[in-house]
Amino acid sequence: MTQEEFVPKAYTNTVLEGTVKWKSPSNIALVKYWGKKENQIPANPSISFTLDACATTTSVTYKKLDKKGTSFSFDLFFEGKPKEDFKPKIETFLARIEEYLPFLKEYHFKIETSNSFPHSSGIASSASGMSALALCLMSLEKELNPSLTTVFFNDKASFLARLGSGSACRSIEGPLVQWGNHANTEGSTDLFGIKYPNDVHSVFKNYHDTILLVDKGQKQVSSTVGHNLMHDHPFAKERFAQAHTNLDDLQTVFKEGNLKRFVEIVESEALTLHAMMMTSMPYFILMKPNTLQIINKIWEFRAINKSNICFTLDAGANVHVLYPESEKEQVYQFIKDELVAYCENEQYLCDRIGLGAKQL
Ligand code: PMV
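Residues numbered from 1 in each chain as written. Predicted model: local features only at pLDDT ≥ 70, side-chain atom pairs only at ≥ 80, totals over all residues. Heavy atoms only, no water.

An unreviewed UniProt entry lists the chain under the name diphosphomevalonate decarboxylase, with Cellulophaga fucicola as the source organism. The UniProt entry for the chain carries this comment under Sequence similarities (unreviewed entry): "Belongs to the diphosphomevalonate decarboxylase family." (UniProt positions renumbered as here; feature names shortened; annotations may be inferred.)

Right, dumping it as structure tokens:
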């Protein structure tokens, strides 16, 4: 697939007005995407669990204009209220995808969006938000051209979401999505996320992710700044190569259900992401003291109880606690008894692996 294949030919239908609505989940990377080339092309392949509960619901009401505009025409509502400060991000997104959706200036859009997780929880909403919007716009394209296949629809939705926020391309489908060229994954591409195509052991089919909200503040380093730190980074080359090797190893882990090795790869990936930020120029420490407290508690609990609990991190202080269904009672009790105390206002979100976005 090339990006030119996402540029549509003339549409067969005329559509004057309507509303489309999608609920799209967040995702948590196991092998991290950190570093990119132009046009949100990843410097290395990544893979994520699609989440279920943490999601954005977006509806787009569209009305055809009498005449194609010279700029994008849209109103934006977040949780029921007009949200002017989100508009520039959407404007940039629309400009990036206009080539692939040439009807965008022919409509006025009312975009209404809300998140299932609390605002300013420190949970990035860009993956769920951008994927939900991309899906709504694809639904309009499908009305203009009903012959689009489901495979093309999902691939293009992921392709468009990627142009909004890289990791958003992994939020269309589930339960495991891989993005980025990887020699040993058939069909993998830098252009969009694909459903992980190989065997997955049943232990991974209902994995849990409890997100401990250690720091609910604004991100200390934006993703854009963070990715850019990988340019001229002294360890970038080795890191990008390591992501390929970790993906190779995870393929065996997914097939065989080897949780001990899963834990090693996932935690190493999280710490490597943070190590990259600590060793860039300028450098950042995105963990907080409570992040480390939690990590140490998890290690202690795992050793004592012979558990398969593990953690992963995004580019921030919050901790994702991952564990299999068979350990859910024991781990949940541990989280409540020992870890919640390290969360801001004792807040955490219970999530699990999910199957992807849904049209409402
Ligand atoms: O999608 P972005 O540009 O916000 O990048 C997200 C990168 C990480 O969340 C840190 C890792 C990942 O692969 O999701």
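On we go.
A short note on the overall build of the chain
In terms of regular secondary structure, the chain is built from eight helices and 14 strands. Since a compact globule built from 360 residues should have a radius of gyration of about 21 Å, the 20 Å found for the chain is in line with a globular shape. By principal-axis analysis of the C-alpha atoms, the chain measures approximately 70 × 45 × 40 Å. Taking all 360 residues of the chain together, the buried fraction comes to 54%. (Helix = DSSP H or I, 4+ residues; strand = E, 2+ residues; numbered from the N terminus. Rg over C-alpha atoms; globule rule 2.2 N^0.38 Å. Buried < 20%, exposed > 50% of the residue type's maximum accessible area, 1.4 Å probe, protein only.)

Topic: the UniProt feature "domain: Mvd1 C-terminal" (unreviewed entry) in the chain
When the UniProt feature table is mapped onto this chain numbering, "domain: Mvd1 C-terminal" (unreviewed entry) sits at residues 211–341. Structurally, residues 211–341 comprises 58% helix and 8% strand, and the distance from its first C-alpha atom to its last is 13 Å.

Some points on unusual backbone geometry
Following Gly 174, the chain continues into Pro 175 via a peptide bond in cis, with omega recorded as -5°. Within the secondary structure, Pro 175 is located in the loop between helix H3 (150–164) and strand E8 (176–179). Of note in the backbone geometry, Asp 232 takes a positive phi value of approximately 60° without being a glycine. Here Asp 232 is to be found in the loop between helix H4 (223–228) and helix H5 (236–256). If you check the backbone angles, Asn 345 has positive phi at about 50° while not being a glycine. Among the secondary structure elements, Asn 345 is positioned in the loop between helix H8 (328–339) and strand E13 (348–352).

Some remarks on the site of the ligand
As a structural note, the neighbourhood of the ligand is formed by 13 residues, with Tyr 33, Ser 167, Arg 170, Ser 223 and His 227 the closest of them. Contact between the ligand and Tyr 33: an oxygen atom at 2.9 Å from a main-chain N or O atom of the residue. Ser 165 is positioned such that a nitrogen or oxygen atom in its side chain is 3.0 Å from an oxygen atom of the ligand. When the ligand is considered free in solution it has 380 Å² of accessible area, and contact with the protein chains removes 92% of it. Residues belonging to the shell around the ligand are distributed by class as follows: five nonpolar, five polar and three charged. The residues that make up the shell around the ligand include at least three from each of domain 1 (3–198) and domain 2 (210–352). (Near = heavy atom within 4 Å. Polar contact = N/O pair within 3.5 Å; in protein donor to acceptor, adjacent residues only side chain to side chain. Areas by Shrake-Rupley, 256 points an atom, 1.4 Å probe, with all protein chains shown as cover. Nonpolar A, V, L, I, M, F, W, Y, C, P; charged D, E, K, R; others polar. Domains from an automatic or database assignment.)

Some points on the pairing of strand E7 (residues 107–115)
On E7, burial follows the alternation: Tyr 107, Phe 109, Ile 111, Thr 113 and Asn 115 on one face are buried, whereas His 108, Lys 110, Glu 112 and Ser 114 on the facing-out side are not. As paired strands, strand E4 (residues 46–64) and E7 are joined by nine bridges and run antiparallel to one another. Looking at the pairing, Val 60 lines up with Ile 111 of E7. In terms of strand pairing, strand E5 (residues 73–78) meets E7 through six bridges, oriented parallel. Bridge pairing in E7 places Asp 75 opposite Lys 110. (Pairing = 2+ DSSP bridges.)

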